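Listed below are the residues making up each chain.
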Amino acid sequence: TATGFTIVRFDIYNNGNSAENINWKVNAGGTVLSNVVSLEANGYTTVFSYWNYKGTNYNVNIKLDPDNLYSESNEANNEASFIIG
């Protein structure tokens, strides 16, 4: 965090054999940011999300493929939660 903003960086990998559009969503204490990234086969990208600073001790949840469009053997690696503070 920095005065005025909270910044989250997360890396997205597509280790499949074809290009895919991957949706992502960040829920930061009631503020929801979402978008979609296009990745080539075996592609990689980094996403930065930021929003106005909300103080300390609030939950942030990041989820890739929030609508479960893609089936995979380990769905748990699509979601991360943490506390800013």
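Rules behind the numbers
- Residues numbered from 1 in each chain as written.
- Predicted model: local features only at pLDDT ≥ 70, side-chain atom pairs only at ≥ 80, totals over all residues.
- Heavy atoms only, no water.
- Helix = DSSP H or I, 4+ residues; strand = E, 2+ residues; numbered from the N terminus.
- Contact = heavy atoms within 4.5 Å.
- Areas by Shrake-Rupley, 256 points an atom, 1.4 Å probe, with all protein chains shown as cover.
- Lys, Arg positive; Asp, Glu negative; His and termini not counted.
- Charge placed at Lys NZ, Arg CZ, Asp CG, Glu CD.
- Pairing = 2+ DSSP bridges.
- Axes fitted to C-alpha atoms, helices over the stretch in contact; angles between N-to-C directions.
- Salt bridge = Lys/Arg side-chain N within 4 Å of Asp/Glu carboxyl O.
- Buried < 20%, exposed > 50% of the residue type's maximum accessible area, 1.4 Å probe, protein only.
- Phe/Tyr/Trp six-rings, centres within 6.5 Å; stacked < 30°, edge-to-face > 60°.

Peer 1: Quick one: what's the story with the overall build of the protein, residue by residue and with numbers?
Peer 2: The helix and strand inventory of the protein stands at zero helices and six strands. Summarising its shape, the C-alpha atoms of the protein cover approximately 40 × 20 × 15 Å along the three principal directions. Sequence-distant contacts in the protein: of pairs separated by 6 or more residues, those separated by 24 or more amount to 62%. Summed over its atoms, the accessible surface of the protein is roughly 5600 Å², and 45% of this surface lies on carbon and sulfur atoms. For the protein, the distance from the average position of its 4 positive side-chain charges to the average position of its 8 negative side-chain charges is 13 Å.

Peer 1: Residues and numbers for the pairing of strand E3 (residues 31–39), please.
Peer 2: Summarising the sheet, strand E2 (residues 20–28) and E3 pair through nine bridges and their orientation is antiparallel. The residue bridging Asn-23 from the neighbouring strand is Val-36, located in E3. Counted along the chain from E2 to the antiparallel partner E3, the turn is two residues long, and its residue Gly-29 has a positive phi close to 60 degrees.

Peer 1: Give a description of the sheet that holds E2 that names residues and reports values.
Peer 2: Pairing is antiparallel in the open sheet, where four strands are placed in the order E3-E2-E5-E6. Since the sheet does not close on itself, it has two edges, and those belong to E3 and strand E6 (79–84), each with one partner. Ignoring which end each strand starts from, the neighbouring axes of this sheet average 15 degrees apart.

Peer 1: Go over the pattern of salt bridges, please, and point to the residues and values.
Peer 2: Inspection of every chain in the model, using the stated rule, returns two salt bridges. The closest approach of N and O atoms between Arg-9 and Asp-11, which form a salt bridge, is 3.4 Å. The salt bridge partner of Lys-63 is Glu-79, with a shortest N-O separation of 3.9 Å. With Lys-63 in strand E5 (residues 58–64) and Glu-79 in strand E6, the pair connects residues that are 16 residues apart, well separated along the chain. When its relative accessible area of 23% is taken as the criterion, Lys-63 is described as partly exposed.

Peer 1: Kindly report on the packing of aromatic side chains, identifying the contributing residues and their values.
Peer 2: For any two aromatic rings, the description comes down to two numbers: the centre-to-centre distance and the angle of the planes. Scanning all chains against the criterion turns up two aromatic pairs. Taking 5.4 Å as the distance between ring centres and 75 degrees as the angle between the ring planes, the aromatic pair formed by Phe-10 and Trp-24 counts as edge-to-face. One end of the pair, Phe-10, is in strand E1 (residues 5–14); the other, Trp-24, is in strand E2, and 14 residues separate them in sequence. Pairing Tyr-13 with Tyr-44 gives two aromatic rings, centres 4.8 Å apart and planes at 45 degrees, and the pair type is tilted. One end of the pair, Tyr-13, is in strand E1; the other, Tyr-44, is in strand E4 (residues 43–52), and 31 residues separate them in sequence. Exposure remark for Tyr-13: the relative accessible area of 58% places this residue in the exposed category. You can call Tyr-44 partly exposed: its relative accessible area is 44%.

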